[in-house]
Amino acid sequence: MQNAHSDRPKTTSQWLFEELRTAIIRGELVAGEPVRQDMIAELYNVSRMPVREAMRLLEAEGLVEQRPHRGAVVADLDANDALELFEIREALEAIGVKRSFPNLSDEQITDIEKAHLALNQAPAGDMLLRHREFHLALYAAAGPRLLKLIADQIDAAQRYHLRFGREDMEVSDRDAEDHREFVRAARKRDVKAALAIMKTHLGKNGQEISNSITQRKQAAPDST
């Protein structure tokens, strides 16, 4: 976790929530790790009140959970949660396609093409960031509220990609073809084609990650 930044959002609780959320997504706070309010307050030099509100927001997103005799801990990475997360992404990004594609400007199409090129050329360490930028470029004309909701779910999915995705973070041939098809559909403002790609793209990725979680837990020494 990192200490306080100077560019805080409007409220301390929202800023703290975003800091802790990022730490969990990046794996700086790992599954099962206690998240004690007094420790957080001391680390970030804030009072207990914004800590309580930040914890409430983290629980609402499923990133923190309360356990008997342990208090608040970072939530486990769960196969069913992974499926749910990608189903939510599919639903939100489908709305994003419907709202964005008919209204994409020529400049926004160019931005999509640039984001696609950057994704193809990205080293492994930048792959998740470039992938995020590419998907958000597709929904640039959807409006800021929806774009924020989609971005939040993409960020949440990164926690699963980092732990259970491909170790080298390379884009598979299938995903690369999906990305090319997204660009083609965007150029034509073809909502129907983009929705068909979206359903298979996110559905398969969610299922693969869910299966990977299940397989690794079954292979663990303490599995029964």
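This text goes with the structure placed above it.
To keep things clear, this report deals only with the structure shown in the data block. (Residues numbered from 1 in each chain as written. Predicted model: local features only at pLDDT ≥ 70, side-chain atom pairs only at ≥ 80, totals over all residues. Heavy atoms only, no water.)

### Examining the packing of aromatic side chains
- Applying the stated criterion across every chain, the model contains 2 aromatic pairs.
- Between Trp15 and Tyr44, the ring centres sit 5.6 Å apart and the planes meet at 85°, which makes this aromatic pair edge-to-face. Within this pair, whereas Trp15 is found in helix α1 (residues 12–25), its partner Tyr44 is found in helix α2 (residues 37–44), the two being separated by 29 residues in sequence. For the pair Trp15 and Tyr44, a shared accessibility class is recorded, and that class is buried. (Phe/Tyr/Trp six-rings, centres within 6.5 Å; stacked < 30°, edge-to-face > 60°. Helix = DSSP H or I, 4+ residues; strand = E, 2+ residues; numbered from the N terminus. Buried < 20%, exposed > 50% of the residue type's maximum accessible area, 1.4 Å probe, protein only.)

### Focus: the nonpolar core
- Formed by 39 residues in total, the largest nonpolar core has its most connected members in Phe101, Ile112, Phe134 and Tyr160.
- Every element with two or more residues in this core is listed here: α4 (79–100), α5 (106–121), α6 (127–138), α7 (144–164), α8 (173–188) and α9 (191–219).
- In terms of residue count, α7 provides more of this core than any other element does, 8 residues in total.
- Beyond its immediate sequence surroundings of up to four residues, Ile112 is in contact with Leu104, Phe134, Ala137, Leu138, Val183 and Ala186. (Core = buried A, V, L, I, M, F, W, Y, C linked by side-chain atoms within 4.5 Å. Contact = heavy atoms within 4.5 Å.)

### Description of the pairing of strand β1 (residues 64–67)
- Across 4 bridges, β1 lies against strand β2 (residues 71–74) in antiparallel orientation. Paired with Glu65 across the strands is Val73, a residue of β2.
- Counted along the chain from β1 to the antiparallel partner β2, the turn is 3 residues long, and its residue His69 has a positive phi close to 70°. (Pairing = 2+ DSSP bridges.)

### Structural notes on the packing of α5 against α6
- Where α5 meets α6, the closest approach of the two axes is 9 Å, and the angle between their N-to-C directions is 160°. Considering the angle they form, α5 stands roughly antiparallel to α6. Taken as a pair, α5 and α6 cross one another with a handedness that is left-handed. Across from Asp111, Ile112, Ala115, His116, Ala118 and Leu119 in α5, the residues of α6 making contact are Met127, Arg130, His131, Glu133, Phe134, Ala137 and Leu138.
- Counted by class, the contact of α5 with α6 contains 8 nonpolar, 2 polar and 3 charged residues. (Axes fitted to C-alpha atoms, helices over the stretch in contact; angles between N-to-C directions. Parallel < 35°, antiparallel > 145°, perpendicular 65-115°, else oblique. Left-handed = near helix turned anticlockwise from the far one by under 90°. Nonpolar A, V, L, I, M, F, W, Y, C, P; charged D, E, K, R; others polar.)

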